Amino acid sequence: MSFDSISDRGLVILGCGRMGGAILQGLLKGGLPASSVWVITPHPSDWLQATGVHLNTDLPKDPAVVLLAVKPQMMANALSQLSATPTGDTLFVTVAAGITMAGYERMLGEQTRLVRAMPNTPAAIGRGVTAIVGNANSTAQDLDIAQELMSGVGQVVRLENEDQINAVIGISGSGPAYVFHLIEVMAAIGEAEGLAPELALQLAKAAVGGAGALAEQSDETPGKLRENVTSPGGTTAAALEVLMDPETGMAPLMRRAVAANIARNRELGK
């Protein structure tokens, strides 16, 4: 990774919980010097304190990048700590859901260069996927910098416009929670069918984790992979007949779930 401008002028990270910490870890592994990073966070972990970054100290006057990684409801308070920092030549990258570009521009000024990034929790193990989109003031180089910042925690994709963020949150942002719930449900059913709880959970985790890895690595479509598991008239076919029912199956259920997710995200954005 090339971090020349950040090494020279500094990176400020507001909020260093799970997501901020994962991004910082990826950057440090990628070669960014800890001395170029300033972190403001209320409860620094032992790991963070041992990294050698500037922690809860005065911020540089003109940082190259400010990464916003606090919860949306704490954002206005966090940004007030930047009052001495000019925004004209600083790129802001935010990983907070729910606050629109217009919202940031109201808080930071209309000239702010901003990239919204929507990662997900597998970023904690470097297996995340992050969607990025810039505001009207951002440049191609700003998007390159944001992509470099986020690539330490997994794949990065670029969106065409901010409206697509809602679908990203509904699918990949919140998606891991849907999958974790699927694991819970499958394990509980295994236990109810007579398996030991630990065994049922191991089987459910391995089935979901292995299928996900296979889907990512295979050249075949998920539909084809599903067909590969399904013998006509067999046990998988019997289960899929329930799951693929057009009225009561998984597709209508997931459509309702993601619609609720998107509606809530739009409410938060207001």
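Residues numbered from 1 in each chain as written. Predicted model: local features only at pLDDT ≥ 70, side-chain atom pairs only at ≥ 80, totals over all residues. Heavy atoms only, no water.

Enquirer: Would you explain unusual backbone geometry in this entry?
Expert: Most peptide bonds adopt trans geometry, and most residues besides glycine take a negative phi value. Backbone geometry places Asn 56, a non-glycine residue, at a positive phi of 55°. Residue placement: Asn 56 occurs in the loop between strand E3 (54-55) and strand E4 (65-68). (Helix = DSSP H or I, 4+ residues; strand = E, 2+ residues; numbered from the N terminus.)

Enquirer: Any chance you could explain the packing of helix H7 (residues 164-173) against helix H12 (residues 250-269) here in plain terms?
Expert: One way to put it is that H7 packs onto H12 with a least axis distance of 9 Å and a crossing angle of 130°. Comparing the axis directions of H7 and H12 gives the class oblique. For the element pair H7 and H12, the recorded crossing hand is right-handed. For the pair H7 and H12, contact is made by Asn 166, Ala 167, Ile 169 and Gly 170 and by Val 258, Asn 261, Ile 262, Asn 265 and Arg 266, respectively. Of the residues assigned to the contact of H7 with H12, the class counts are four nonpolar, four polar and one charged. (Axes fitted to C-alpha atoms, helices over the stretch in contact; angles between N-to-C directions. Parallel < 35°, antiparallel > 145°, perpendicular 65-115°, else oblique. Left-handed = near helix turned anticlockwise from the far one by under 90°. Contact = heavy atoms within 4.5 Å. Nonpolar A, V, L, I, M, F, W, Y, C, P; charged D, E, K, R; others polar.)

Enquirer: Looking at this structure, I do not really get the environment of Ile 13. What am I missing?
Expert: One can find Ile 13 in strand E1 (residues 11-14). On the accessibility criterion, Ile 13 (0% relative accessible area) is buried. Taking the C-alpha atoms as reference, Ile 13 lies 8.4 Å from Leu 24; in sequence the two are eleven residues apart. (Buried < 20%, exposed > 50% of the residue type's maximum accessible area, 1.4 Å probe, protein only.)

Spatial relationships are all this shows, so hold off on functional conclusions.
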